[in-house]
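Descriptive analysis of the structure
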Amino acid sequence: MTKLMSETPVILITGAGKGIGRATALEFSKWMECDLFLVARTESDLEAVKKECEKWKATVHTHVADLTDENTSHDVIAECVSKFKRIDLLVNNAGVGRFGNFLELTGADLDFTINTNIRGLFHLTQSAYKVMKTQKYGHMIFVTSVAAETPFEQSAIYCMSKFAQKGLIEVLRINARKDGIRITNIMPGAVETPMWGAVTPEMQEKMMKPQDIGSAIIHAYLQPKRTSVEEIVLRPVGGDL
Ligand SMILES: NC(=O)c1ccc[n+]([C@@H]2O[C@H](COP(=O)([O-])OP(=O)(O)OC[C@H]3O[C@@H](n4cnc5c(N)ncnc54)[C@H](OP(=O)(O)O)[C@@H]3O)[C@@H](O)[C@H]2O)c1
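Here goes a summary of the coordinates provided. Here the residue numbering is sequential within each chain, running from 1 through the sequence in written order. Selection of residues for local features in this predicted model requires a pLDDT of at least 70, selection of side-chain atom pairs for listing and counting requires 80 or more, and totals for whole chains, interfaces and linings are taken over all residues. No hydrogens and no water enter the side-chain calculation; it runs on all heavy atoms of the structure.

**Concerning the overall build of the protein**
Our working definition: Going along the chain from the N terminus, every DSSP run of H or I of four or more residues is numbered as a helix, and every run of E of two or more is numbered as a strand. Each radius of gyration is computed over the set of C-alpha atoms, and the globule rule expresses the reference value as 2.2 Å times the number of residues to the power 0.38. The rule is simple: take the accessible area with a 1.4 Å probe, protein chains only, and divide by the maximum for that residue type; under 20% is buried, over 50% is exposed, in between is partly exposed. By definition, residues are in contact when any of their heavy atoms lie within 4.5 Å. Charged-residue counts in this description rest on Lys and Arg as positive and Asp and Glu as negative, His and the chain ends being excluded. Where a charge lies is defined by one atom per residue type: Lys uses NZ, Arg uses CZ, Asp uses CG and Glu uses CD.
Scanning the protein from terminus to terminus reveals seven helices and seven strands. Secondary structure elements of the protein occur, N-terminal to C-terminal, as β-α-β-α-β-α-β-α-β-α-β-α-α-β. Here the C-alpha atoms of the protein give a radius of gyration of 17 Å, agreeing with the 18 Å that 2.2 N^0.38 yields for 241 residues. Here the protein, with 241 residues, has 51% of them falling under the buried criterion. Considering only contacts in the protein between residues 6 or more positions apart, those separated by 24 or more positions represent 71%. Charged side chains of the protein number 28 positive and 29 negative; the gap between the two group centres comes to 7 Å.

Given below as structure tokens:
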């Protein structure tokens, strides 16, 4: 498969219904003509994002899926390719967290987090990688976290999952350099999204906003194809919360 540079980019974003994924979809829609393939579990969220994005420059296809399931992940990639013929950019953003004292975290918390952040990420990435390897180009942007390399006392399972994501990304990059695929690890600190639940106005004031991460993603994508932005760390000016 050869790519014409004038083609409208096909951008698949996971976790696009809320928070950082939603903001990334909106930022892309504002910046450029693009075909967006948006994935999340909640249909009403996806429909709302689609409506907003289509006010700008995007064509949007939504796909309701729980990415913890291996077959579902393969189906998501297959449907995107069937619809748009290729994948220029995968924004691997869907993620969850359960936080608390190490001794109080449960097996259910572990399964909940690992199933999305590790199992789901692995299967979707593997399926997308096969497509990009055949295309001989592509870009995968992972939204991990500063918790992929910094320990937080209440985040044993979350940190475990994010350190693991970083491990996958770094192995993948060794392969990707040979296959012409760009791999970017975006590591944000605290961003005001639904993941945090209710936060105080004082915290809100300190946190980054989802569009700050969305615009960093776009700038990484828009680098000349010869240049790979390998990592971006974004923190609130006052540091970690
Ligand atoms: N917020 C922060 O401070 C922060 C900081 C650093 C990194 N991050 C990372 O950024 C990413 C996005 O987080 P966020 O704060 O934007 O979270 P969010 O507001 O809770 O949004 C998460 C999105 O992911 C989707 N999702 C979760 N599990 C899924 C699954 N199994 N299958 C399909 N979709 C799934 C959710 O869809 P449904 O609601 O429909 O299930 C939602 O659309 C995560 O990987 C998170 O770890 C967040």
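**A short note on the layout of surface pockets**
Here is the rule: Here a cavity denotes grid points, spaced 1 Å and computed from the protein atoms alone, that fit a 1.4 Å probe unable to get out, and a pocket denotes an open set having protein on both sides within 12 Å along at least 5 of 7 lines; residues with an atom within 4 Å of a point are the lining. Grid points are joined across faces, edges and corners, and a volume is the space filled by probe spheres set on the points. When residue character is reported, Ala, Val, Leu, Ile, Met, Phe, Trp, Tyr, Cys and Pro are called nonpolar, Asp, Glu, Lys and Arg charged, and the others, Gly included, polar.
A volume near 1,100 Å³ is recorded for the largest pocket. A per-element tally of the lining of the largest pocket places helix α1 (residues 19-31) first, with three residues. A per-class count over the lining of the largest pocket returns 22 nonpolar, 15 polar and six charged.

**Some thoughts on the pattern of salt bridges**
In plain terms, the rule: By convention in these notes, a salt bridge is any Lys or Arg side-chain nitrogen within 4 Å of a carboxyl oxygen on Asp or Glu.
Tallied over the entire structure, the rule returns 14 salt bridges. Taking the shortest distance from any N to any O, the salt bridge between Lys166 and Glu149 comes out at 3.1 Å. One end of the pair, Lys166, is in helix α5 (residues 156-179); the other, Glu149, is in the loop between β5 (138-143) and α5, with 17 residues separating them in the sequence. Residue Glu149 is classed as partly exposed on the basis of its relative accessible area, which comes to 38%. Between Lys209 and Glu192 there is a salt bridge, with its nearest N and O atoms 2.5 Å apart. With Lys209 in the loop between α6 (201-206) and α7 (210-221) and Glu192 in the loop between β6 (181-188) and α6, this residue pair connects regions lying 17 residues apart in the sequence. Here the residues in one salt-bridge network are Glu149, Lys166, Glu170 and Glu231, joined through shared partners.

**Here we look at the side chain of Glu27**
Assignment of secondary structure puts Glu27 in helix α1. The charged side chain of Glu27 is buried without a salt bridge, its nearest counter-charge being Lys30 at 4.5 Å. Setting aside anything within four residues of it in sequence, one finds Glu27 in contact with Gln211, Gly214, Ser215 and Ile218.

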